[in-house]
Amino acid sequence: MNDPVYDVAPWLVLLPLAWAGLAFVWGPGRGARLALAGTALQLLLTLRLAAELLSLGGRRHAVGGWGAPLGIDLAVDGLSMTMLLLTQAVAFAVFIYARAYFTDRSADGDGHGARNHFWPLAGFLLAAMNALYLSADLFNLYVTLELLGLAAVGLVAAGGNAAQVSAALRYLLVSLLASGAYLLGVALIYGSYGTVALSALPLMSADAPLAVALAAALMGVALLLKTALFPFHFWLPPAHGGAPAPVSALLSALVVKATFYLFLRLGLGLFAPLGETIAWLPGLLGSAAIFWGSWQALRAQRLKMLVAYSTVAQLGYLFLIFPLLAPDGLALQAGVMQALSHGLAKAAMFMTAGVFLQVSGRDAVADLAGVAGRLPVTLFAFGLAGVTLMGLPPSGGFLAKWLLIDAALAQGRWGWAAVVIAGGLLTALYVFRVVRQAFASTEARPPLAPVPRTLEWTAFALAAASVLLGLRGMEVLHLLDVGAAS
Amino acid sequence: MSSGLVYAVVGVLLFVLGAAGMLLLPHLLRKILAFNLLGSGAFLILVGLAQRDGGVDPVPHAMVLTGIVVAVAATALALALLRRLHALSGRTQLADESADE
Amino acid sequence: MNRALRAAVVLGAGLLAALLVAAILALPVPAVRLPALVAAHLPASGVTHPVTAVLLNFRGYDTLLEVAVLALALVGLLAQSPPRELTHAPSPGEPVLPLLARVLVPFLILSAGYLLWAGAHRPGGAFQAGAVLAAAAVVLHLARLWPAWDRPGRGLRLGLVGGLLLFLAVAAALLAGGTLLRYPPQLAGTLILLIEIGLTVSLGLLLAGLFLFLAEPRSL
């Protein structure tokens with residue numbers, strides 16, 4: 001049942017749960033070092049797991065030794081492995097940043113309430129994402145979705161001002177409605193097949209019972225709601241744009257990717273036949289998301305709101321892959337590369353927004369005038385992240401969009417390629433809007449508060465990584481060739 | 001129609017009522033109650049379908065126990081947020097925040 | 001929300017209900033029969049009640065995550081309750097409720113203990129026992145015999161997540177041996193009881209906390 005090689009995968013769930021619990025016992029605001037140590041260990045374990053995956057193939061871990069369908073199976077293949085790597089890497093950088101961000105000096109009202117509860121909530125969030133990527137059981141996935149949703153909502157609300165609480169409530173209600181729909185889907189699957197283990201479920205055939213088609217629709221809509229695909233994006237900008245910067249970075253870079261991953265996993269697997277017949281729909285919504293999100297980002301007054309709308313737009317690219325999925329694997333590679341590079345770049349972008357906020361106490365794009373000369377590292381980090389989002393070479397974003405265009409042209413479908421290019425131009429417009437403002441000369445030079453260099457350099461490191469990813473991207477994508485264990 | 005199916009059909013009605021309530025009712029407390037209705041509906045369907053031929057299936061029972069605890073946790077968090085929102089702003093409804101600022 | 005949108009929601013809900021009922025009435029016979037599998041492996045699970053066996057052994061991993069959800073909700077809730085002044089003076093109030101509470105609470109604690117013990121072989125277990133304990137705390141609070149809770153001290157914090165940490169410790173010890181939550185058959189019953197005792201205490205505190213941390217301080 002279990003491999004002779006010792007399996008490290010379940011530690012990726014136990015470790016963050018343990019440090020979250022211990023940080024809570026330790027007390028409000030405590031536990032940063034514990035969290036950093038735990039996340040560093042998780043990062044090492046993830047790297048080891050990736051190495052094992054490349055040499056031994058996909059892994060399966062039967063929890064309790066029972067095996068599906070009686071027990072719950074954990075499974076790792078190339079797709080989940082890339083997401084696990086992204087999650088631990090971004091989380092580690094964001095946590096270093098957060099430790100410097102949530103100090104007593106953060107007098108901008110952005111940090112105080114959040115500081116006290118950040119570490120336990122972040123631990124639960126990380127455990128939820130790792131558990132989601134590992135799970136091969138539809139009901140267990142429901143529990144991980146709830147853990148993820150409540151942790152994210154708790155983090156948004158922890159700042160404690162009215163706008164944050166209001167955004168968190170909207171997010172929570174959307175999340176709960178979606179979870180309810182997902183759970184109903186699980187109930188229908190269990191009623192039809194008598195099991196919820198992915199490995200024991202038959203792929204949906206053309207003559208599948210109506211209940212299974214309904215389950216696919218309910219679960220699909222639920223995951224799109226949680227991923228904030230246009231037109232379900234309405235909850236995302238206030239939540240991601242209103243939360244403290246480290247929280248925004250975690251949510252925009254990682255949390256929405258988790259539900260996208262599940263949508264992709266179920267669309268490629270269990271519900272593949274249905275997925276193929278309506279694959280144009282996510283593609284169409286993704287295109288709409290690119291245009292609508294970019295347009296709103298161009299109009300946004302606050303920098304964090306601009307970055308949040310940019311997330312709405314960039315999520316759209318993830319869904320462009322569905323009409324282009326083909327045996328050549330180009331579209332899948334494009335989607336994964338987009339998830340990875342956007343994860344790194346968007347975390348970096350929210351972190352730079354946090355630096356601007358801490359330095360000036362203000363968040364309006366107009367207030368950025370003149371910061372270029374005073375915060376060069378941070379501005380450069382913002383620019384590098386922008387390069388990835390625009391899709392300029394040699395960034396990871398470039399690789400993703402190039403693969404996507406390649407996939408579209410290989411099938412002679414010019415329309416999708418045109419959407420990708422137009423989206424890149426729109427992205428350039430809103431990124432340059434910020435950069436131009438930063439270089440604008442200004443009479444008023446309000447005093448800038450000193451800012452820990454950790455904040456600037458962690459943001460820079462992630463932004464640089466998002467660009468460099470383009471150079472080594474194809475090697476990372478080799479992981480996708482690792483199939484699931486039987 | 002077996003008793004399991006009756007439970008499942010009632011569950012469908014509860015689920016749909018709850019979903020419509022979450023979308024249509026403006027007061028947040030009602031939205032939270034509607035969510036509980038929706039959750040109970042899903043639980044009834046899960047258990048009802050599994051024992052539609054009369055036998056008892058312990059697996060959905062355990063799942064529903066898990067689901068109930070999750071629903072309690074979510075409800076408590078939602079109520080805490082609602083109280084906080086009310087204390088801060090006096091509001092019990094979500095403002096229409098579709099505009100940017 | 002405008003009228004057309006409301007009508008669309010109502011219409012959509014009706015359509016969904018009709019489709020769901022039609023789907024439910026046309027369900028095929030499931031291919032997998034889990035009850036038989038549960039029954040076949042029950043002797044090796046360490047308990048004799050099938051639901052408890054599923055909850056803590058076959059699908060014990062779900063339960064581990066579920067306890068985390070509850071602990072997480074409490075942390076999120078604590079972040080929403082700012083520090084406040086608590087008065088500890090018992091108010092005169094009316095006499096019936098306190099008397100009832102004093103009679104009721106010992107029985108509630110006794111039933112919680114029974115439910116915990118009974119879980120191994122009949123309906124019951126840590127969740128039911130924890131819920132009854134929490135109910136006892138709520139009754140005491142409503143009878144004004146127990147204050148609302150403010151910031152939890154380290155002892156209470158340990159109690160709140162102790163059950164989760166104990167569960168994690170058992171899971172980690174078993175994982176160190178090779179497989180997550182794979183109980184050795186001869187130890188399964190003991191380990192499950194240990195986890196359930198920890199969970200009963202923590203779940204009681206967590207569920208009581210969801211109420212008492214939110215309770216109006218002036219009601220005492």
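Everything below is about the structure shown above.
What you see is a predicted model, and the numbers here were worked out from it, not measured in a lab. (Residues numbered from 1 in each chain as written. Chains lettered and ligands numbered in written order. Predicted model: local features only at pLDDT ≥ 70, side-chain atom pairs only at ≥ 80, totals over all residues. Heavy atoms only, no water.)

### A word on the overall build of chain B
Inference 1: Scanning chain B from N- to C-terminus turns up three helices and zero strands.
Inference 2: For chain B, the succession of helices and strands along the chain, N to C, is α-α-α.
Inference 3: Over its C-alpha atoms, taken along the principal directions, chain B stretches across nearly 55 × 25 × 20 Å.
Inference 4: With 101 residues in all, chain B has 54% of them scored as buried.
Inference 5: Contacts in chain B between residues at least 24 apart in sequence constitute 58% of all its contacts with a sequence separation of at least 6.
Inference 6: For chain B, the exposed area adds up to about 4,100 Å²; of that, 67% sits on carbon and sulfur atoms. (Helix = DSSP H or I, 4+ residues; strand = E, 2+ residues; numbered from the N terminus. Buried < 20%, exposed > 50% of the residue type's maximum accessible area, 1.4 Å probe, protein only. Contact = heavy atoms within 4.5 Å. Areas by Shrake-Rupley, 256 points an atom, 1.4 Å probe, with all protein chains shown as cover.)

### Regarding the overall build of chain A
Inference 1: Within chain A one finds 17 helices and two strands.
Inference 2: Overall, chain A is about 70 × 55 × 40 Å in size when its C-alpha atoms are taken along their principal axes.
Inference 3: A buried classification covers 69% of the 486 residues belonging to chain A.
Inference 4: The long-range share in chain A, meaning contacts at least 24 apart out of those at least 6 apart in sequence, stands at 81%.
Inference 5: Carbon and sulfur atoms form 67% of the exposed surface of chain A, whose accessible area is close to 14,500 Å².

### With respect to helix H15 (residues 396–410) of chain A
All names here are of chain A.
Inference 1: For H15, which comprises 15 residues, the first-to-last C-alpha distance of 21 Å matches the rise-based estimate of 21 Å (1.5 Å per residue) to within 8%.
Inference 2: Within the span of H15, buried status applies to Gly396, Gly397, Leu399, Ala400, Lys401, Leu403, Leu404, Ala407 and Ala408.
Inference 3: Immediately downstream of H15, the backbone of glycine 412 shows phi near 65 degrees, a positive value. (Expected span 1.5 Å × (residues − 1).)

### Considerations on a nonpolar patch on the surface
Residues and elements named next belong to chain C.
Inference 1: Taken together, the side chains of Leu97, Leu100, Leu104, Leu142 and Phe211 make up a nonpolar region of the molecular surface, amounting to roughly 410 Å² of accessible area.
Inference 2: With three residues, helix H5 (residues 96–118) is the largest single contributor of residues to the nonpolar patch.
Inference 3: Position of leucine 142 among the secondary structure elements: in helix H6 (residues 126–142). (Patch = residues over 30% accessible without salt bridge, like charges linked within 9 Å, V, L, I, M, F, W, Y side chains within 5 Å. Salt bridge = Lys/Arg side-chain N within 4 Å of Asp/Glu carboxyl O.)

### Looking at the environment of aspartate 62 of chain C
Inference 1: One can find aspartate 62 of chain C in helix H4 (residues 60–78).
Inference 2: Residues aspartate 62 of chain C and leucine 100 of chain C lie 38 residues apart in sequence; the distance between their C-alpha atoms is 38 Å.
Inference 3: Setting aside chain neighbours within four positions, we find aspartate 62 of chain C in contact with Ile72, Phe139, Asn140 and Val143 of chain A together with Thr66 of chain B.
Inference 4: Side-chain polar atoms of aspartate 62 of chain C contact the side chain of arginine 59 of chain C, separated by 2.8 Å. (Polar contact = N/O pair within 3.5 Å; in protein donor to acceptor, adjacent residues only side chain to side chain.)

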